[in-house]
Amino acid sequence: METLHVLVAGVTAIILFIFGLENFSTEIQQISGDRFRRSLARVTRFPVIGVLIGAVVTAVIQSSSATSVITIGLVNAGVLSFKNSVGIIFGSNVGTTVTAQLVAFKLTAFAPLLIIAGFALSLLRTRISIFGKSIFYFGFVFFSLNLISSSLQPLQNEPVLVEYLTQPQNPLLAILIGCLFTAMVQSSSVTTGLAIIFTQQGLLGLENAVPLIMGANIGTTATALIAMFNMDLAAKKTALSHFLFNTGGVLIFLPVLLLFGDRLADIETSPAVALANIHLVFNLGTSLLFLVFLHPFTRLVERLIGEGKMDFERLPIPTFNPEAEFDSVRGDLQRNLAGLLAFLQENYNLVTLSIESNYHSVREAAGKRIDYVNFIEKEYVNYFSRVVANVKDESDSGELLALVTRYDYLFQIHDSIDDLFTTRQTMSRNYIELKSDVMLMVREISSQTLSLFDGIGHALAEGNTPDVRADARRLQALLNEVNRNLLPLLADPDRRDAGALSNFVTYSLRLKDKLLTLAGLSAPEARESREPSP
C-alpha cells in the first residue's frame, strides 16, 4: 500500500510538472507575439544563426515541440522558407538541454523564490506585471520537479525495483520507451527531467537513462508530424526534416552506445550531471554534424516529398533599408500594388466559392490565404512606420503618403473579404445551406464584383487610370435588386439562408465602395491633388 501511495504522489507531481511546462510555454509565446515571429523570420537567412535562434527560443519557452510547431506554421504562412527553417529545427534540440542542466546541478532549489516573485509581480498595476505569470510558471516547473524527487525518494528502499532499473537493459527497448512516453506527454523536457531525477535518486542506471533520453528526441517529433497535416508542401518538408534529423541523430550515435554503453557505469562524475552532459553533447554534436551536411540533407528531404509548388504563391515582403533611395522605395511599392490586389481578388473568389459550394477544402484554402494577408498587413504597417520617419523631402513625403493611402484601402478591401469569410464560418457553425435562389444571387454578385476587381487590376498592372464606373453602376443595380428580392425571404422563418445573404449584401456594398475609392486614388489627377504645392 505504501508503494501505491508513493506512485500516486509521483504521478501527481509529474502531472503538475507537465501542467507547469505547458502553461509556461504558452505565457512566453503570448508575451512574444507577432514581433517574435517576425524576428524569427528575418534572422534565419544564415543556417548558423537559425541554429542559435532555435536553441535560444527553445531554452526560453522550454519546449522544442512548441518551437517546431511555430516554425512549421511560419513556413506554412510563407514567412519562412523551408531551407531557412531547418536551422531552427536543428537548434531546438540544443535548447532542450537547459532543463537537464538546471535539474542536474540542483538549481531548481530557487523555485519557491521564483513562484513568490512571479505571484507578487502579477499583482502590480504596471506593464512589467505581464511577466508575472511567466516567472510564476517557470518556478512552478522546477518546484514540481523537486516534488517529484521528494515523492519518489521512498522507492530507494525497494531493492527489487532499484536492482531492475539500475541493471543494464536492452538499449533499443529503452529508446522505444523514451520515444513513446515523450510522444504521449508531447515534451522531451518531461522525459529528460524525469530521467535525471531518477538517476539522482539512484533509481535509474546511466546505461538505461542515456538511451531513454535518445528515444525522447524521436518522440518529440510527434507534435510536428501531427501539425503538418493540412499544411502545404514546404511545411511538410520542415516537419519531415525534424523527424529525420532527430531519428538520424539517434541512429548515428546508437553504435557508440551499443559498443561502449557498458562503460557508462565507470564514469566517476555524479550520474545526474553525467547524464545532463551526455544529453548536451549528443544534441549539440548532432546539430553541428547535420549543419555541416545541410545542403545534402535538404536535398534528401525535397527528393522524398518532392519539389512541387506551394498551394499559393507568396507575395514579396518589404524590407526596410535606410540607405535606399526614395525612387527605389516608390518603384517597389508601385509594383507590389497590382500583385496584392490580384491576391485579394483570388481570396474573394475563393471565399465566395466556399459560400456557394460549401466545399471544406475551398474554405480551408481561403482561410489560409486570409491569415497570410493578416501577416502581410502587419509587415507593411511596420515597414511604413520606418520609411515615413526616413523620408525627409516634402514632395517625396507626399508621394509616400499617397502610396500608403492606397495600401490602406487594399487592406480595407481585405477586411471586407474577411467579413465575408466570417459569414461562411457562421453558416458552417449553424449548418446553414443556401437554397438555389439565394445561391444564384450570391453567384451574380460575385461575378459582378470580380469584374470590378478585373477593371481596377488591369489598369494598375498597365499603369493606366482605372475607369470602372460602368461596372460599379451594374454592381450597385444588382445589389439594389437583391435587396428587394431579399425582403420576402427574410419574413419566412424557414429561410435561414436569407440572413446569410443579407450579411453578404452588406459586406459586398462595403467592398464595392472600397474598390471604387481605390480606383479613384489610382487616378493621376487624384494623385496630383494630394501632392504638396511648390
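Residues numbered from 1 in each chain as written. Predicted model: local features only at pLDDT ≥ 70, side-chain atom pairs only at ≥ 80, totals over all residues. Heavy atoms only, no water.

Looking up the protein chain in an unreviewed UniProt entry gives the name Na/Pi cotransporter family protein, with the organism given as Seongchinamella sediminis. Turning to the protein chain, the UniProt annotation filed under Subcellular location (unreviewed entry) states: "Cell membrane". (UniProt positions renumbered as here; feature names shortened; annotations may be inferred.)

(A) Structural context of the overall build of the protein chain. Within the protein chain, the secondary structure is distributed over 22 helices and zero strands. Across the 534 residues in the protein chain, those meeting the buried criterion constitute 49%. Sequence-distant contacts, at least 24 apart, represent 83% of the contacts inside the protein chain between residues at least 6 apart. Accessible surface, the protein chain: about 25700 Å² in total, of which carbon and sulfur atoms supply 60%. (Helix = DSSP H or I, 4+ residues; strand = E, 2+ residues; numbered from the N terminus. Buried < 20%, exposed > 50% of the residue type's maximum accessible area, 1.4 Å probe, protein only. Contact = heavy atoms within 4.5 Å. Areas by Shrake-Rupley, 256 points an atom, 1.4 Å probe, with all protein chains shown as cover.)

(B) Fine view of the environment of Ile456. Structurally, Ile456 is set in helix H19 (residues 436-462). With 59 residues separating them in the primary sequence, Ile456 and Leu515 have C-alpha atoms 8.0 Å apart. Ignoring sequence-local partners within four residues, the contact set of Ile456 consists of Leu341, Pro466, Val468, Leu515, Leu518 and Ala519.

(C) Highlighting empty space enclosed by the protein. Under the criterion given, the structure shown has one cavity of 30 Å³ or more. As a volume, the largest cavity reaches approximately 30 Å³. Lining the largest cavity are Ile355, Thr423, Met427, Leu434, Val438, Val442, Ala500, Leu501 and Phe504. Of all elements in the fold, only helix H18 (394-429), H19 and helix H21 (497-521) reach the threshold of two or more residues within the lining of the largest cavity. With three residues, the top contributor of residues to the lining of the largest cavity is H21. (1 Å grid on protein atoms, 1.4 Å probe; cavity = no way out; pocket = protein on both sides within 12 Å on 5 of 7 lines; lining within 4 Å. Points joined across faces, edges and corners; volume = space filled by probe spheres on them.)

(D) Structural detail: the nonpolar core. Leu333, Tyr348, Tyr407, Leu410, Ile413, Ile445 and Leu501 are the most contacted members of the largest nonpolar core, which has 65 residues in total. For this core, the secondary-structure elements that each account for two or more residues are helix H16 (326-357), helix H17 (360-390), H18, H19, helix H20 (469-490) and H21. If one sorts the elements of this core by residue count, H16 sits on top with 13 residues. If we skip the residues at most four places from it in the chain, Ile413 touches Leu344, Phe453, Leu511, Lys514, Leu515 and Leu518. Core analysis: the next-biggest nonpolar cluster, separate from the first, contains 41 residues, Ile18, Leu212, Ile218 and Ala272 among them. (Core = buried A, V, L, I, M, F, W, Y, C linked by side-chain atoms within 4.5 Å.)

(E) Region of the structure containing the packing of aromatic side chains. Scanning the model with the defined rule gives 18 aromatic pairs in all. Aromatic side chains Phe136 and Tyr137 sit 5.4 Å apart centroid to centroid with 80 degrees between the ring planes, which places their arrangement in the edge-to-face category. Accessibility expressed as a relative area gives 26% for Phe136, which makes it partly exposed. Judged by relative accessible area, Tyr137 falls into the buried class, the value being 14%. Where Phe343 meets Tyr372, the ring centres are 5.7 Å apart and the plane angle is 55 degrees; that geometry is what we call tilted. With Phe343 in helix H16 and Tyr372 in helix H17, this pair connects stretches of sequence that are 29 residues apart. No difference in accessibility class separates Phe343 from Tyr372, as the two residues are buried. An aromatic cluster is present here, built from Tyr380, Tyr383, Phe384, Tyr407 and Phe411 joined pairwise through their rings. (Phe/Tyr/Trp six-rings, centres within 6.5 Å; stacked < 30°, edge-to-face > 60°.)

(F) Just the packing of H18 against H21, in detail. Look at H18 against H21: their axes get within 9 Å of each other, and the N-to-C directions meet at 170 degrees. It follows from the interaxial angle that H18 and H21 lie roughly antiparallel. Residues Thr405, Arg406, Tyr409, Leu410, Gln412, Ile413, Ser416, Ile417, Asp419, Leu420, Thr423 and Met427 of H18 touch H21, and the partners they reach there are Ala500, Asn503, Phe504, Tyr507, Ser508, Arg510, Leu511, Lys514, Leu515, Thr517, Leu518 and Leu521. In terms of residue class, the contact of H18 with H21 is built from 13 nonpolar, seven polar and four charged. (Axes fitted to C-alpha atoms, helices over the stretch in contact; angles between N-to-C directions. Parallel < 35°, antiparallel > 145°, perpendicular 65-115°, else oblique. Nonpolar A, V, L, I, M, F, W, Y, C, P; charged D, E, K, R; others polar.)

(G) Representation of helix H14 (residues 271-292). The end-to-end C-alpha separation of H14 is 31 Å, in line with the 32 Å expected for 22 residues at 1.5 Å each. Those residues of H14 that sit buried are Ala272, Val273, Ala274, Leu275, Ala276, His279, Phe282, Asn283, Thr286, Ser287, Phe290 and Leu291. (Expected span 1.5 Å × (residues − 1).)

(H) Examining the environment of Thr96 more closely. Position of Thr96 relative to the elements: it lies in the loop between helix H4 (82-95) and helix H5 (97-104). Along the sequence, Thr96 and Asn217 sit 121 residues apart, while their C-alpha atoms lie 9.7 Å from each other. Beyond its immediate sequence surroundings of up to four residues, Thr96 is in contact with Thr58, Ser64, Ser188, His279 and Asn283.

(I) Structural context of the confidence of the model for the protein chain. Residues with a pLDDT of 70 or more make up 87% of the protein chain, whose mean pLDDT is 81. For the stretch residues 524-534, pLDDT sits under 50, and the model shows twelve contacts to residues farther than four places along the chain or on other chains. (pLDDT = per-residue confidence, 0-100.)

(J) Structural detail: unusual backbone geometry. Residue Tyr431 is not a glycine yet carries a positive backbone phi of 55 degrees. Here Tyr431 lies in the loop between H18 and H19. The class for Tyr431 is exposed, based on a relative accessible area of 72%.

(K) Quick peek at the pattern of salt bridges. Applying the stated rule across the entire model yields eight salt bridges. The partner of Asp327 in a salt bridge is Arg330, and the shortest N-O contact between them spans 2.4 Å. Taken as a pair, Asp327 and Arg330 lie in helix H16 at a separation of three residues, close to a single helical turn. Residue Asp332 pairs with Arg335 through a salt bridge whose shortest N-O separation is 2.3 Å. With Asp332 and Arg335 both in helix H16, this residue pair falls three residues apart, about one helical turn. Taken together, the salt bridges that share partners define one network made up of Asp327, Arg330 and Glu399. (Salt bridge = Lys/Arg side-chain N within 4 Å of Asp/Glu carboxyl O.)

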